[in-house]
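Chain residues, written in single-letter form:
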Amino acid sequence: MGKQGVKIEIMDTTLRDGEQTSGVSFVPHEKLMIARLLLEDLKVDRVEVASARVSEGEFEAVKMICDWAARRNLLQKVEVLGFVDGHTSVDWIQRTGCRVINLLCKGSLKHCTQQLKKTPEEHIADIINVVHYADEQDIGVNVYLEDWSNGMKDSPEYVFQLMDGLKQTSIRRYMLPDTLGVLNPLQVIEYMRKMVKRYPNEHFDFHAHNDYDLAVSNVLAAVLSGCKGLHTTINGLGERAGNAPLASVQAILKDHFNAVTNIDESRLNDVSRAVESYSGIVIPANKPIVGENVFTQVAGVHADGDNKSNLYCNDLLPERFGRKREYALGKNSGKANIRKNLEDLGLELDEDSMRKVTERIIELGDKKQAVTSEDLPYIIADILKQDPEYLHLLSIPSIPKKERCALLDEAFRGKVHLYVLNFVKILCEKGTLRELPGCARAFRVKYNQAHGILEATAVTAVPMSADQTARLHEKLEAVTGKTIDLRTKVDATVLGGIRLDIEGTELDGTVKNRLASLRRSIAGITV
């Protein structure tokens with residue numbers, strides 16, 4: 001563990017190195033949206049948004065980002081990669097309105113002599129020429145030492161010669177990339193410590209690549225060795241195997257190094273999903289922090305342990321990242337998993353019913369059938385039809401459990417049937433089941449895309465009056481624009497209920513929005 005409270009600067013390069021992922025290309029407005037998310041939502045310290053001289057589209061993207069950043073006093077946080085090409089890259093960057101160039105220099109002798117065909121002295125002179133010109137244009141300079149990792153392995157004297165030749169210039173940061181992803185953490189510690197010891201007054205960034213799946217480990221090694229800044233991408237996008245993913249870097253810095261960053265962890269998941277959408281690169285379900293499954297417990301013993309002082313929880317609490325812990329249903333599920341899901345649905349089962357439901361879920365799992373929390377009510381209802389049992393609805397807020405049961409029993413004039421309460425609770429959206437005097441109510445809509453049929457069901461524990469029925473009918477017709485066949489159904493278990501069948505062609509507008517409007521309309525009717 002390092003010193004508590006060390007401050008680490010984060011530079012995100014999703015829009016430059018991340019876009020070098022095979023198959024990924026952001027259009028200008030997408031780059032602007034991602035830059036805004038990175039700087040305003042996640043609060044990264046800097047963003048590298050492009051490479052100079054790539055295309056007209058890239059020029060327009062950088063210009064849009066810089067115009068926006070300037071209006072929000074964030075322009076110094078926007079950076080563009082440029083090349084040792086005299087005045088060309090600096091002029092290109094200046095025309096976009098950007099004020100920082102990340103100058104790509106050669107960090108290994110073989111890159112200098114074999115790719116550039118120049119001596120170290122010639123390359124240093126060329127770099128200084130660009131730096132001086134950038135100074136004249138009031139553009140800040142950071143320097144990449146490309147292939148620094150191989151430079152330290154094969155030609156450290158060249159790396160030190162380069163640093164000695166540049167340390168008297170105005171360069172703000174020396175950015176040390178493991179360009180080919182060849183280092184392991186022990187090597188990162190060795191090489192970074194040599195740099196920090198020899199040049200204690202310089203600011204060093206570390207830029208990891210994930211070819212050996214060591215990017216995050218190497219990032220921690222760099223910080224332990226005195227590195228002051230790190231380069232990341234959202235979802236680990238980047239050349240070949242990618243870069244160090246910001247979500248993982250943030251978690252490991254905070255939990256394993258006690259480091260301080262400006263990152264807003266609660267926004268990591270949302271920003272990751274946005275970049276997933278823009279890039280077209282799907283986030284693996286098991287990717288740490290942002291993967292779909294990483295906060296889902298499968299084994300029943302884990303859910304049982306969570307019920308007993310959170311025995312299977314670690315510091316990676318899902319709430320930190322704007323997420324929620326879930327408990328999977330399948331052949332490995334135990335009663336604890338099922339109870340956790342029932343709690344979310346507001347339902348309670350006796351032990352015999354729980355045993356039967358558990359057996360059914362295990363049976364489905366053995367047949368490789370996926371079981372979700374949305375399936376659970378229907379499984380319960382199916383079992384109930386064969387062997388009726390009873391339960392109590394636990395969802396009316398601010399009423400003690402015993403009083404809720406008594407109220408519901410009284411409202412239904414008898415013990416509350418499992419199927420009926422499943423129907424009431426599950427067919428409503430979260431938050432729409434409202435506290436009412438002695439009754440419960442809910443609303444469901446189901447849209448069949450193939451047949452163009454919308455089926456809506458409203459359920460109340462007491463009969464609806466003729467006036468309430470008419471108002472419901474009026475609101476539904478106004479929202480859907482359809483003629484609705486409204487039939488009142490009263491049976492032995494539900495004293496009052498309404499079933500709506502809306503048949504015809506596909507509803508106008510976005511189905512999701514239309515259904516949300518229906519739910520809001522129902523919520524506005526007082527039973």
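The structure displayed is predicted, hence computed values, not measured ones. Residue indices begin from 1 for each chain and proceed along its sequence in written order. Reporting of local features is limited, given that this is a predicted model, to residues whose pLDDT is at least 70; pairs of side-chain atoms are given and counted only at 80 or more, and all residues count toward the totals for whole chains, interfaces and linings. To obtain the side-chain values, all non-hydrogen atoms of the structure were used and water was disregarded.

A word on the pairing of strand β6 (residues 173-177)
Put simply, side chains in a regular strand alternate between the two faces of the sheet.
Phase 1: Counting buried positions along β6 yields five of five residues, so the element is predominantly enclosed.
Phase 2: Burial classes follow relative accessibility: with a 1.4 Å probe on protein chains only, a residue under 20% of its type's maximum area counts as buried, one over 50% as exposed, and anything between as partly exposed. Starting at the N terminus, helices and strands are each numbered in turn, a helix being any DSSP run of H or I of at least four residues and a strand any DSSP run of E of at least two. Burial of β6 is two-sided: the residues Arg173, Met175 and Pro177 facing one way and the residues Tyr174 and Leu176 facing the other way are all buried.
Phase 3: A pair of strands counts as paired when DSSP detects no fewer than two bridges linking them. Here β6 runs beside strand β7 (residues 204-207); their pairing, made up of four bridges, is parallel. In the strand pairing of β7, leucine 176 is matched with phenylalanine 206.
Phase 4: Here is how to tell: hold the view so the strands point away, follow the path from the first strand over the helix to the second, and if it runs clockwise the crossover is right-handed. For the segment spanning β6, helix α8 (residues 185-198) and β7, crossover handedness is right-handed.

A closer look at the confidence of the model for the chain
Phase 1: Per-residue confidence from the prediction method is given by pLDDT, with values spanning 0 to 100. The predicted model of the chain averages 76 in pLDDT, with 64% of residues at 70 or higher.
Phase 2: Scored below 50 in pLDDT, residues 385-401 shows 58 contacts in the model against residues more than four places distant or in partner chains. Should any heavy atoms of two residues lie within 4.5 Å, those residues are counted as being in contact.

Let's talk about the packing of aromatic side chains
Phase 1: Geometry of aromatic contacts follows a simple scheme: Phe, Tyr and Trp rings, the Trp one being its six-membered ring, pair when their centres are within 6.5 Å, and the pair is stacked under 30 degrees between planes, edge-to-face over 60, tilted otherwise. Evaluation of the coordinates by the stated rule reveals four aromatic pairs.
Phase 2: Geometrically, the ring pair formed by tryptophan 148 and tyrosine 191 is edge-to-face, given 6.4 Å between the ring centres and 90° between the ring planes. Of the two residues, tryptophan 148 is situated in helix α6 (residues 148-154) and tyrosine 191 in helix α8; the sequence distance between them amounts to 43 residues. Residue tryptophan 148 shares its accessibility class with tyrosine 191, and that shared class is buried.
Phase 3: Ring geometry for tyrosine 174 against phenylalanine 204: centres 6.2 Å apart, planes inclined by 45°, an arrangement best described as tilted. Remark: phenylalanine 204 occurs in strand β7 and tyrosine 174 occurs in strand β6; sequence separation between them is 30 residues. Phenylalanine 204 carries the same exposure label as tyrosine 174, and that label is buried.
Phase 4: Chaining the aromatic ring pairs together yields one cluster made of Trp148, Tyr191 and Phe206.
Phase 5: Look at NZ for Lys and CZ for Arg. If either is within 6 Å of the ring centre and within 35 degrees of the ring normal, a charge sits over the ring. Taking the ring centre of phenylalanine 160 as reference, the NZ or CZ of arginine 198 above it sits at 4.3 Å.

Brief notes about helix α14 (residues 351-366)
Phase 1: One fewer than the residue count of a helix, multiplied by 1.5 Å, yields its expected span. In this model α14 runs 23 Å from its N-terminal to its C-terminal C-alpha over 16 residues, within 8% of the 22 Å that 1.5 Å per residue would give.
Phase 2: Within α14, the full set of buried residues consists of Ser353, Met354, Lys356, Val357, Thr358, Ile361, Leu364 and Gly365.

Some points on the packing of helix α9 (residues 215-224) against helix α10 (residues 246-257)
Phase 1: Axis definition: a line fit to C-alpha positions, over the contact stretch in the case of helices; interaxial angles, taken between N-to-C directions, run 0 to 180 degrees. In the contact formed by α9 and α10, the axes pass within 10 Å of each other and the chain directions differ by 45°. It follows from the interaxial angle that α9 and α10 lie oblique. As for the relative orientation of α9 and α10, their crossing is right-handed in sense. Where α9 abuts α10, its residues Val216, Val219, Leu220, Val223 and Leu224 lie against Ser248, Val249, Ile252, Leu253 and Phe257.
Phase 2: Gly is placed with the polar residues, together with every amino acid not listed as nonpolar (Ala, Val, Leu, Ile, Met, Phe, Trp, Tyr, Cys and Pro) or charged (Asp, Glu, Lys and Arg). Of the residues that constitute the contact of α9 with α10, the class distribution is nine nonpolar, one polar and no charged. Roughly parallel means an angle under 35 degrees; roughly antiparallel means over 145; roughly perpendicular covers 65 to 115; every other angle is labelled oblique. Left-handed is the label given to a crossing in which the near helix is rotated counterclockwise from the far helix by less than a right angle, and right-handed is the label when the rotation is clockwise.

Topic: the sheet that holds strand β8 (residues 229-232)
Phase 1: Pairing within the closed barrel is parallel, and its eight strands lie in the order β1-β2-β3-β4-β5-β6-β7-β8. Across the sheet, the mean angle from the axis of one strand to that of its neighbour is 30°, orientation sign disregarded.
Phase 2: Sheet contacts for helix α3 (residues 88-96): β2 (46-51), β3 (78-83) and β4 (100-106); angle to β3, the most-contacted strand, approximately 155°.
Phase 3: Where helix α5 (residues 120-136) meets the sheet, it contacts β4 and β5 (140-146), and its direction lies at approximately 175° from that of β4.

A word on the pattern of salt bridges
Phase 1: We define a salt bridge as a side-chain nitrogen of Lys or Arg found within 4 Å of a carboxyl oxygen belonging to Asp or Glu. Summed over the entire model, instances satisfying the criterion amount to 24 salt bridges.
Phase 2: For the salt bridge of glutamate 190 with lysine 194, the shortest nitrogen-to-oxygen distance reads 3.4 Å. Of this pair, glutamate 190 and lysine 194 are both found in helix α8, four residues apart, which corresponds to roughly one turn of the helix.
Phase 3: Judged by its relative accessible area of 40%, lysine 194 falls in the partly exposed class.
Phase 4: A salt bridge links glutamate 265 to lysine 254; the shortest N-O distance between them is 3.7 Å. Here glutamate 265 is found in the loop between α10 and α11 (268-279), whereas its partner lysine 254 is found in helix α10, with 11 residues between them in sequence.
Phase 5: Residue classification places glutamate 265 among the buried positions, given a relative accessible area of 8%.
Phase 6: Since its relative accessible area comes to 40%, lysine 254 is described here as partly exposed.
Phase 7: The network of salt bridges with common partners includes Glu9, Arg46, Glu79, Arg173 and Asp205.

Let's talk about the packing of α8 against α9
Phase 1: Between α8 and α9, the least distance of the axes is 8 Å, while the angle of their chain directions is 30°. Accordingly, the angle class assigned to the pair α8 and α9 is roughly parallel. Handedness of the α8/α9 crossing: right-handed. Contact with α8, carried on its side by Pro185, Val188, Ile189, Met192 and Arg193, involves Ser217, Asn218, Ala221, Ala222 and Leu224 of α9 and no other residues of that element.
Phase 2: In terms of residue class, the contact of α8 with α9 is built from seven nonpolar, two polar and one charged.

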